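Remarks on the overall topology
This is what each chain is made of:
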Amino acid sequence: MDSVENVRAFLAVADMGSFTAAARRLDVSAPVVTKRVSALEKELKVLLFQRTTRSLTLTASGRDMLGAAREFLAAYERLSERAVVDERSLGGRLRVKAPASFTNHFLGRLLNAFFLSHPKASIELQLANRAVDPVLENFDFVITGLPVTYEGVEEFPLCPFKRHVYASPDYLAHHGTPEHPSELPGHRCLLYSYQNTVRTWTFTDARAGDIQVTVDGGFATNDIDAMHNACVDGMGVAILPRYRARDSVLAGRLVQILPGFGLPDYWIKVLRPANHHNPKLFHALLDFLVEGLARLKAQGTDL
């Protein structure tokens, strides 16, 4: 256990840039953090930090040790999480970021149910559609469907969701229905933007393999609901999650097009800092969401 806490102290100092800030994160005194880092240096027989009265910097050995230290701590936490936990005593606080549309459709009720069943735990939920680095923005639990990765951040799969191409009946009546992805450059296509606007759509065909087309249409957004509404209003062709388009398709406001050409599934995943301070609460919530979404899918809910 001493080695684990020593590694935890080393990573906290490396992330926070000072022994005092690391002590606040770990909820211990600064001398305790100093003692733990010194003990780790003695155990490893290397100097991890260069200390002066005015600065604190990682040595070359310290920088080399960061990756291994994060892996060591993550492995220990995964092992310790196998212990049986009394759910009534599960406590702590999680700062959670999630995408607005997926949360409003599915995750919101699951999050509410989880925290109602764990009264000693608390949540701060922020809805945002942009990419978020949990380390830089101090989030404990980042739910995202964006294909982003960050250094010092672990990823956990949550669930896949299907996407299809849609347009409104009015748009198709005025502009025709494309029969092949190669026809899309001649159409107004609504674009999704997160860090950069995505202008290349990739389809899969059993015979031709991957088909990539470059599209444009004068409209881009990072919000699925705004994309859906623009498509319903006849602004153009859009790729939408099946769950978001379903009701509009049933109501006749949208039509699925290009049904013979598949789109890669997107995965909703969870990101967390590799040295997260409350792994039991984190994994309890993660397991609850995975099971809840799987149950919804088994009941016939479109994801």
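Report follows, based on the coordinates. Within each chain, residues carry numbers counting from 1 in the order of the written sequence. Per-residue local features of the predicted model are confined to residues with pLDDT of at least 70, and side-chain atom pairs are confined, for both listing and counting, to 80 or more; whole-chain, interface and lining totals are unaffected and use all residues. Side-chain numbers here rest on the full set of heavy atoms in the structure, without hydrogens or water.

**Things to note about the side chain of Ser 168**
How we decide: Only DSSP runs of H or I covering at least 4 residues are called helices, and only runs of E covering at least 2 are called strands; the numbering of each starts at the N terminus. When accessible area is computed with a 1.4 Å probe and restricted to protein chains, residues below 20% of their type maximum are described as buried, those above 50% as exposed, and intermediate ones as partly exposed. Any two residues having at least one pair of non-hydrogen atoms within 4.5 Å are treated as being in contact.
Of note, Ser 168 is situated in the loop between β7 (163-167) and α6 (169-175). Under the relative-accessibility criterion, Ser 168 is labelled buried at 1%. Ignoring anything within four residues of it in the chain, the contact list for Ser 168 reads Cys 231, Val 232, Gly 234, Arg 253 and Leu 254.

**Section: the packing of helix α7 (residues 224-232) against helix α8 (residues 242-250)**
The line we're drawing: Only C-alpha atoms enter the line fits that serve as axes; for helices the fit covers just the stretch in contact. Angles between N-to-C directions range over 0 to 180 degrees. Orientation labels follow simple angle bins: below 35 degrees gives roughly parallel, above 145 gives roughly antiparallel, 65 to 115 gives roughly perpendicular, and whatever is left gives oblique. Rotating anticlockwise by less than a right angle from the far helix to the near helix defines a left-handed crossing, while the corresponding clockwise rotation defines a right-handed one. Under this grouping Gly is polar, as are all residues other than the nonpolar Ala, Val, Leu, Ile, Met, Phe, Trp, Tyr, Cys and Pro and the charged Asp, Glu, Lys and Arg.
Following both chains from N to C, one finds α7 and α8 inclined at 30°, their axes separated by 10 Å at the closest point. As summarised for this structure, α7 and α8 are arranged roughly parallel, according to the angle between their axes. As for how α7 packs across α8, the hand of that crossing is right-handed. Every residue of α8 that contacts α7 at Ile 224, Asp 225, His 228, Asn 229 and Val 232 is listed here: Arg 244, Ala 245 and Ser 248. The residue makeup of the contact of α7 with α8, split by class, is three nonpolar, three polar and two charged.

**Comments concerning helix α2 (residues 19-26)**
Every buried residue belonging to α2 is among Phe 19, Ala 21, Ala 22, Ala 23 and Leu 26, and all of these are buried. Where α2 is buried, its residues touch α1 (2-16), α3 (30-44), β1 (49-51) and β2 (56-58). Residue Asp 27 follows α2 closely and has a positive phi angle near 60°.

**Details of the environment of Tyr 171**
Its location among the elements puts Tyr 171 in helix α6. Accessibility expressed as a relative area gives 2% for Tyr 171, which makes it buried. Along the primary structure Tyr 171 and Val 46 are separated by 125 residues, whereas in three dimensions their C-alpha atoms are 67 Å apart. Among all residues touching Tyr 171, those that are not within four sequence positions of it are Gly 176, His 187, Arg 188, Gly 234, Met 235, Gly 236 and Val 237.

**Points about the state of the cysteines**
Quick reminder of the rule: Working definition: a disulfide is two cysteine sulfur atoms within 2.5 Å of each other.
Within the structure shown, the criterion is met by zero disulfides. Between Cys 189, a cysteine without a disulfide, and Cys 231, which holds the nearest cysteine sulfur, the sulfur-to-sulfur distance is 10 Å. What makes Cys 189 buried here is its relative accessible area of 0%.

**Let's talk about the pattern of salt bridges**
For clarity, the threshold we go by: What makes a salt bridge here is a side-chain nitrogen of Lys or Arg within 4 Å of a carboxyl oxygen of Asp or Glu, nothing more.
Within this structure, the stated rule accounts for 13 salt bridges. When the shortest N-O distance is used, the salt bridge between Arg 130 and Glu 137 registers 2.8 Å. Residue classification places Glu 137 among the partly exposed residues on the basis of a relative accessible area of 30%. Where Asp 247 meets Arg 246, a salt bridge forms, and the shortest distance between an N and an O atom there is 3.5 Å. Judged by relative accessible area, which is 39%, Arg 246 ranks as partly exposed. Within the structure, one salt-bridge network assembled from shared partners comprises Glu 5, Arg 8 and Arg 36.

**Quick word on the environment of Leu 296**
Take Leu 296: it is sitting in helix α9 (residues 279-298). Remark: the alpha-carbon pair of Leu 296 and Phe 102, spanning 194 residues in sequence, is separated by 13 Å. Ignoring any residue separated from it by four or fewer positions in sequence, one finds Leu 296 in contact with Phe 106 and Thr 301.

**A word on the sheet that holds strand β12 (residues 238-241)**
The strands that make up a sheet are held in pairs by hydrogen bonds between backbone atoms, and each pair lies either parallel or antiparallel. Test applied: Whether two strands pair depends on DSSP finding at least two bridges between them.
A sheet is described by the order of its strands in space; here three strands give the open sequence β12-β7-β13, paired in antiparallel fashion. Bordering the open sheet on either side are β12 and β13 (255-257), each of which pairs with just one other strand. Taking the axes of each pair of neighbouring strands and ignoring which way they run, one obtains an average angle of 55° across the sheet. Pairing geometry for β7 and β13, over three bridges, is antiparallel. When the bridges of β13 are listed, Ala 167 appears paired with Val 255. Contacts from α7 reach β7 and β12, with the element oriented near 130° to β12. Together, β7 and β12 form the strand contacts of α8, whose direction differs from that of β12 by roughly 105°.

**A word on the packing of α1 against α2**
Close contact between α1 and α2 brings their axes to 8 Å; oriented N to C, the two are set at 120°. What the angle tells us is that α1 and α2 run oblique. When the axes of α1 and α2 are compared, the crossing they make is right-handed. Two secondary-structure elements touch here, α1 through Arg 8, Ala 9, Ala 12, Val 13, Asp 15 and Met 16 and α2 through Phe 19, Ala 21, Ala 22, Arg 25 and Leu 26. Among the residues making up the contact of α1 with α2, the classes are represented as eight nonpolar, no polar and three charged.

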